[in-house]
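Each chain, letter by letter, is given below.
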Amino acid sequence: MSERYQPATIEQKWRDRWEADGLYKTVEDPDRPKWYALTMLPYPSGDLHSGHWYAFTPSDAAARFRRMNGYNVFFPMGFDAFGLPAENAAIRNNIHPKQWTYANIERMRDQLRQMGAMWSWEHEAISCDPDFYKWTQWFFRKFYDAGLVYREFAPVDWCPSCNTTLAREQVWGEDRHCERCGTPVIKKSLNQWKFRITQYADELIDGLDTIDWPERVKTMQTNWIGRSYGAEVVFRTEKQGDGQSKEQGDPIEVFTTRPDTLWGVTFMALAPEHPLVEKVTTAAQQAAVSDYQTQAERLDEIARTATDKEKTGVFTGGYAINPVNQERIPIWIADYVMMGYGTGAIMAVPGHDVRDFEFARKFGLEIRRVISGPDGETGPLAEAYDAKNDGAMVNSGEFDGTPVDQAYDKVVAWLEANDMGRRAVNYRLRDWLISRQRMWGAPIPMILCPTCGIVPVPYEDLPVLLPDNAEFKPTGESPLKYHEGFRFVQCPQCGGKAERETDTLDTFMCSSWYQYAYITPNKNPGQPPAADDIPWDKATGDYWLPVDQYTGGIEHATMHLLYTRFFTKAMRDLGIVNFDEPMQRLFNQGIILGPDGEKMSKSRGNVVNPDEYVSKYGADTVRGYMMFIGPWDLGGPWDPSAIEGVSRFLQRVWSVALEPSPTESGATFSDADREQAADAARALERKLHQTLIKVSDDMLNFRFNTAIAGMMELNNQLVRQKDSPVATLPIWDEAVEALVLMMAPIYPHISEELWHRLGHSESVHLQSWPQADPTKAIEAEVTVVVQVNGKVRDKLLVAPGIGEEILRTQALALDNVRKWMDGKAVRKIVVVPDRLVNIVVG
RNA sequence: GGGACGGUGGCGGAAUGGCAGACGCAACGGACUUAAAAUCCGUCGAGAGCAAUCUCGUGUGGGUUCGAAUCCCACCCGUCCUACCA
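Since we're looking at a predicted model, the values are computed, not measured.

(A) The pattern of salt bridges, seen in detail. This model, assessed by the stated rule, comprises 49 salt bridges. A salt bridge links Lys722 to Glu659, with the nearest nitrogen and oxygen atoms 3.5 Å apart. In this pair, Lys722 sits in the loop between α21 (704–720) and α22 (730–743) while Glu659 sits in the loop between α19 (643–658) and α20 (671–700), placing the two residues 63 residues apart along the sequence. On the basis of relative accessible area, Glu659 is assigned to the partly exposed category, the value being 26%. Connected through shared salt-bridge partners, Glu203, Arg565, Lys569, Arg572, Asp573, Asp580 and Glu581 make up one network.

(B) Just the environment of Ile629, in detail. Inspection of the secondary structure puts Ile629 in the loop between α18 (619–628) and β27 (636–637). Accessibility expressed as a relative area gives 26% for Ile629, which makes it partly exposed. Linking Ile629 and Ile643, residues 14 residues apart in sequence, is a C-alpha distance of 8.9 Å. Once residues lying within four places of it in the same chain are set aside, the contact partners of Ile629 are Tyr54, Ile592, Gly635 and Pro637.

(C) Spotlight on the packing of α18 against helix α23 (residues 748–757). With their axes 7 Å apart at the nearest point, α18 and α23 run at an angle of 125° to one another. With respect to α23, the axis of α18 lies oblique. Of the residues in α23, those touching α18 at Ala619, Asp620 and Arg623 are Pro748, His749 and Ile750.

(D) Examining the environment of Val411 more closely. Tracing the backbone shows Val411 in helix α11 (residues 404–417). The spacing of Val411 and Ser372 is 39 residues in sequence and 17 Å in space, taken between C-alpha atoms. Apart from residues lying up to four places away in sequence, Val411 is in contact with Pro259, Asp260, Trp263, Met393 and Phe399.

(E) Inspection of the protein's contact with RNA strand B at higher detail. Around RNA strand B sit 48 residues, and of these Lys311, Tyr341, Arg355, Arg648 and Asn838 come closest. Among the atoms of RNA strand B lying within 4 Å of the protein, the sugar-phosphate backbone contributes 61%. One nitrogen or oxygen atom from the side chain of Arg648 is found 2.5 Å from a phosphate oxygen belonging to RNA strand B. Residue Asn705 places a side-chain N or O atom 3.1 Å away from a phosphate oxygen belonging to RNA strand B. The biggest single contributor to the surface near RNA strand B is α21, with six residues. Residues that form the surface near RNA strand B fall into these classes: 20 nonpolar, 12 polar and 16 charged.

(F) Fine view of the nonpolar core. Grouped together as the largest cluster of nonpolar side chains are 180 residues, with contacts concentrated most on Phe140, Phe195, Trp432, Phe566 and Phe567. With 10 residues, α22 is the single largest residue contributor to this core. In this structure, Phe140 is in contact with Val149, Trp193, Phe195, Ile434, Ile444, Pro445, Met446, Leu505 and Met509, ignoring residues within four places of it in sequence. By size, the runner-up hydrophobic cluster in this structure holds 36 residues, among which are Leu276, Val280, Ile331 and Ala387.

(G) Inspection of the pairing of strand β9 (residues 186–195) at higher detail. Inspection of the sheet shows strand β5 (residues 149–159) paired to β9 by 10 bridges, in the antiparallel sense. The residue bridging Trp158 from the neighbouring strand is Ile186, located in β9. Of the pairings in the sheet, the one linking β9 to strand β17 (residues 432–433) comprises two bridges and is antiparallel in character. Directly across from Lys194, in β17, lies its bridge partner Leu433.

(H) Local environment of the packing of aromatic side chains. Applying the stated rule across the entire model yields 55 aromatic pairs. One Lys or Arg, Arg66, reaches over the ring of Tyr71 and ends 5.1 Å from the middle of that ring. Between the NZ or CZ atom of Arg113 and the centre of the ring of Trp121, over which it lies, the distance is 5.2 Å.

Thresholds, definitions, all that
Residues numbered from 1 in each chain as written. Chains lettered and ligands numbered in written order. Predicted model: local features only at pLDDT ≥ 70, side-chain atom pairs only at ≥ 80, totals over all residues. Heavy atoms only, no water. Salt bridge = Lys/Arg side-chain N within 4 Å of Asp/Glu carboxyl O. Helix = DSSP H or I, 4+ residues; strand = E, 2+ residues; numbered from the N terminus. Buried < 20%, exposed > 50% of the residue type's maximum accessible area, 1.4 Å probe, protein only. Contact = heavy atoms within 4.5 Å. Axes fitted to C-alpha atoms, helices over the stretch in contact; angles between N-to-C directions. Parallel < 35°, antiparallel > 145°, perpendicular 65-115°, else oblique. Near = heavy atom within 4 Å. Polar contact = N/O pair within 3.5 Å; in protein donor to acceptor, adjacent residues only side chain to side chain. Nonpolar A, V, L, I, M, F, W, Y, C, P; charged D, E, K, R; others polar. Core = buried A, V, L, I, M, F, W, Y, C linked by side-chain atoms within 4.5 Å. Pairing = 2+ DSSP bridges. Phe/Tyr/Trp six-rings, centres within 6.5 Å; stacked < 30°, edge-to-face > 60°. Lys NZ or Arg CZ within 6 Å of the ring centre and 35° of its normal.

In structure tokens:
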């Protein structure tokens with residue numbers, strides 16, 4: 001009797017051996033197709049949790065599967081190590097964020113190794129290493145030189161709890177809260193650095209067609225960028241003082257998606273903070289307007305309750321002239337107009353826009369119909385009519401009668417010809433705000449000189465190092481501002497006294513290029529990054545890039561996944577890479593929940609610590625369980641009892657593979673037994689090849705749950721025949737070995753142990769994936785269902801590929817079928833070969 | 001308000017136009033055991049029947065089809081995303 005499966009005794013042994021043998025070291029090999037498999041890197045928070053196991057172990061299985069299928073796989077790992085938790089821990093425990101972070105990395109590296117994944121640790125990259133962030137700063141500098149960076153004094157989103165500004169993408173939900181801590185953001189006006197991501201808006205949408213990413217992410221990015229086609233129309237304000245005058249004053253640009261409704265404009269509305277408000281407001285309305293502006297500003301500062309959508313606004317007393325018909329229309333201010341979208345001013349068409357309609361009705365403004373109804377109605381409107389497909393223009397002068405589907409083109413052409421406006425595209429996307437007022441990030445390599453203005457730190461002076469002795473006071477300004485040695489410098493241009501920028505870079509900047517850092521991490525250690533260099537060894541990068549398969553959570557859909565695409569496009573334009581998209585394929589795994597089906601959280605007390613399960617069942621069982629719960633993209637609750645199933649499966653495989661064959665145990669078989677075994681052997685061979693087909697397909701498509709089910713079925717068949725003469729035949733060993741090979745990607749330790757115990761000396765992870773022979777998978781007999789009027793009444797056991805005529809005849813001869821036909825006339829017989837016969841009578 | 005995804009046994013799920021419930025968990029019955037655990041064998045959608053077998057059954061209602069969990073239409077419910085986007 002061989003001993004039982006004891007994961008504790010084999011798992012550590014094999015991990016040590018793999019490392020000693022350099023089994024997972026990456027080498028370039030021009031003879032094999034390359035495969036760059038990348039998993040979103042973790043933040044070194046201190047402990048590996050269930051979510052890490054759920055994200056990392058299936059992606060490891062997929063990478064291992066590729067490797068067994070002949071790919072030269074690059075599978076690196078690293079740490080996204082800058083960021084707020086380190087700084088908060090620093091404040092709490094009075095320990096430098098650097099110490100806290102590196103201690104956590106040590107700890108997490110050990111925990112990660114327990115997973116038994118095939119990461120090539122020699123390519124590890126850590127974003128807070130100076131040899132990493134010198135390149136992050138280099139990118140900032142390159143982008144600055146290319147005109148993709150600018151500094152702007154403008155209102156920005158500020159998280160009062162994190163004490164820093166946030167990018168638009170980091171502000172979530174209807175209450176506009178901080179993505180990290182949940183605190184509602186407020187507005188502040190500050191000098192901030194931004195990336196011109198909007199320059200790439202079109203390409204960021206259109207490029208989605210060229211990559212194999214989930215539709216969901218593509219939709220989210222497309223909506224986030226929010227491209228809409230329309231027109232810019234220039235209205236002019238009426239000069240102050242003379243109510244009758246039609247003289248034109250200041251231009252007010254508006255963006256509209258419906259230029260064909262221009263004749264229905266009955267008022268204008270400006271965002272409360274629109275710069276022209278001051279100019280158009282009359283003395284009589286000044287007090288009311290100021291009050292409203294103060295109130296609107298307060299609304300930004302208080303948590304917004306967007307549920308209350310009652311329209312508010314105030315008349316400025318000013319008027320504008322509608323360029324298409326010279327009508328004089330009142331200018332209002334209203335907080336439903338956003339300064340951050342379009343031009344911050346709208347032409348209001350109450351007849352055909354719900355919001356304008358509500359506003360007009362509340363304030364008694366004119367509601368005019370300029371598009372006829374679906375049945376040609378031209379009468380007054382009881383509600384806003386948003387005509388898109390039917391109707392025609394009315395009350396619109398020379399355009400009356402133009403059908404709406406032609407209206408846009410005709411009106412825009414006319415506007416352009418008469419210099420009143422032009423075709424325009426508008427985006428919801430804002431430029432990426434990258435300044436953070438915190439110290440645990442890469443310093444922005446800029447110097448502000450009273451004489452020369454903004455001066456970038458010269459390449460040869462990079463990196464701008466973070467001081468190890470900075471205070472970490474969260475004051476709302478970067479703590480680096482209080483570090484005099486850091487803050488005060490000589491201007492590199494004039495040599496005079498100057499100050500460093502003390503803000504640091506958004507950590508999303510580090511993760512925008514980390515996939516490139518893995519290629520040759522920490523290139524030229526200790527050396528400044530040269531302007532004409534790139535952050536990795538070019539030849540190695542040419543071999544591995546771009547990423548073939550990326551996996552990670554969907555929560556980054558409009559943050560990291562958008563930023564890294566922007567980065568790659570900007571890099572391409574700088575000649576750093578020669579492709580358009582950083583990641584060819586993307587798979588989003590789901591979220592692992594607590595046993596109660598709720599998101600795991602300390603406050604709920606439903607956090608599952610994977611380490612407990614690893615020490616009880618072993619890493620292989622936990623890996624298998626993660627993949628067996630259900631489809632990987634679905635996630636789901638951690639069910640502590642269901643893990644038993646995977647554990648039992650591994651136990652059974654262990655004994656099936658290692659227990660002595662029946663004859664070795666002293667059993668004897670008669671000739672008759674052996675004859676019967678021949679049939680059973682063919683059945684086993686069939687099952688084996690059917691399983692190979694199924695599991696190969698499932699593994700390729702991340703369907704680990706059904707792949708595991710397939711292996712369980714094969715193993716169940718082996719268990720049933722363990723004591724029969726089949727277990728003495730060559731097919732038995734073939735099936736057992738193939739099962740062990742199929743298990744290798746998901747269960748790397750036990751498969752290695754079994755492989756060696758089965759008499760092999762080379763690692764199972766260097767073997768090729770077992771190939772299915774489709775001819776051996778064909779069933780000897782298939783069950784053909786016989787239906788009468790669509791209901792199953794009997795079954796036929798026939799040889800596969802049998803002719804339709806024979807099937808028809810045999811089906812009609814069945815007793816049960818004749819009974820249900822009840823002597824009625826046959827109207828039709830549907831035959832699907834190898835599947836069913838349906839006899840339609842009546 | 002808009003968008004996406006989903007709704008199948010007690011539970012996780014399988015089946016993407018052709019035998020609904022693979023695989024696993026839980027439960028129940030049995031073997032082994034002094035006993036328990038572990039292991040092994042068996043049962044396991046609901047209802048009727050001694051049985052062969054029959055009826056019903058994939059959120060609800062309709063439709064297409066010889067045939068629908070699967071395709072189409074309408075609705076209900078759930079989850080996530082997004083939101084005064086002009």
